[in-house]
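Letter by letter, the chains look like this.
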Amino acid sequence: MKHTITLLFCLINISLFSQSEKTKGLFYKISLATTLAVNEDYTIIEDDSGPLINPSALFINNTIGYQLDKRNTIGFNAEYNWQHKQGLHFFPLYVNMRHNIIVADDNVFVRAGYGKLLKLGSSFEKGSLYKLGIGYQIFDDDYQNSWLLGLDFSRKRFGHRETEKISSVAIFLEFVLF
């Protein structure tokens, strides 16, 4: 009996992990993104004015999600946002959906998300977050893990009755572990 259970367990594991392409199941994603701003002090003539384009915010994101099928995923995100130009910190928790509009060897996708900005301390702002994005998914050799590249538009509303707003476009690079 013990050998039968061990053999059955091995066969289940082999059948689950031998698929060439994973189309359903849990995944973990880590992401790094930045917004870019034009350096207003930049001049072509002076060498010490700095680069023309500077990063103006940093986003670090962790996602636990579920891939529903080849086209659709849903994810729960915890993110740290540092808007160093404005001196603001945000910690949004949000849900997002991703839909692959082109499914091929590599995918093209759109995504949207909504969530809340948590007030974790005096330096963090409380409010709401909306996100829209577009990107490109590049798979590894066995179509298990992938890289995502693209652009996200986000709007944060915070402050007294959420009257203050920050809108930004970020360039993101993400790694998905299936």
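Above this text you will find the structure in question.
As the structure is a computational prediction, the values presented were derived from the model and not from experiment. (Residues numbered from 1 in each chain as written. Predicted model: local features only at pLDDT ≥ 70, side-chain atom pairs only at ≥ 80, totals over all residues. Heavy atoms only, no water.)

1. A look at the overall build of the protein
1) Next: Within the protein, the secondary structure is distributed over 1 helix and 9 strands.
2) Next: Listed N to C, the secondary structure of the protein is α-β-β-β-β-β-β-β-β-β in terms of helices and strands.
3) Next: Each of the 178 residues in the protein was classed as buried or not, and the buried ones make up 33%.
4) Next: Contacts in the protein between residues at least 24 apart in sequence constitute 52% of all its contacts with a sequence separation of at least 6.
5) Next: For the protein, the exposed surface amounts to about 11100 Å²; the carbon and sulfur share of it is 65%. (Helix = DSSP H or I, 4+ residues; strand = E, 2+ residues; numbered from the N terminus. Buried < 20%, exposed > 50% of the residue type's maximum accessible area, 1.4 Å probe, protein only. Contact = heavy atoms within 4.5 Å. Areas by Shrake-Rupley, 256 points an atom, 1.4 Å probe, with all protein chains shown as cover.)

2. With respect to the pattern of salt bridges
1) Next: Taken as a whole, this structure holds 4 salt bridges when the rule is applied.
2) Next: A salt bridge links Lys131 to Glu79, with the nearest nitrogen and oxygen atoms 3.1 Å apart. Here Glu79 lies in strand β3 (residues 72–83) and Lys131 lies in strand β7 (residues 127–139), a separation of 52 residues in the sequence. With respect to class, Lys131 is no different from Glu79; both count as buried.
3) Next: Here Arg111 and Asp152 are joined by a salt bridge, their closest N and O atoms 2.7 Å apart. Here Arg111 is found in strand β6 (residues 107–117), whereas its partner Asp152 is found in strand β8 (residues 146–158), with 41 residues between them in sequence. (Salt bridge = Lys/Arg side-chain N within 4 Å of Asp/Glu carboxyl O.)

3. Re the side chain of Glu174
1) Next: Within the secondary structure, Glu174 is located in strand β9 (residues 164–177).
2) Next: A distance of 3.3 Å separates the side chain of Glu174 from the side chain of Lys29, its partner in a polar contact.
3) Next: Of the polar contacts made by the side chain of Glu174, one reaches the side chain of Arg111; its length is 3.0 Å.
4) Next: Other than its neighbours up to four places away in sequence, Glu174 contacts Lys29, Ile30, Ser31, Arg111, Ser146, Trp147 and Leu148. (Polar contact = N/O pair within 3.5 Å; in protein donor to acceptor, adjacent residues only side chain to side chain.)

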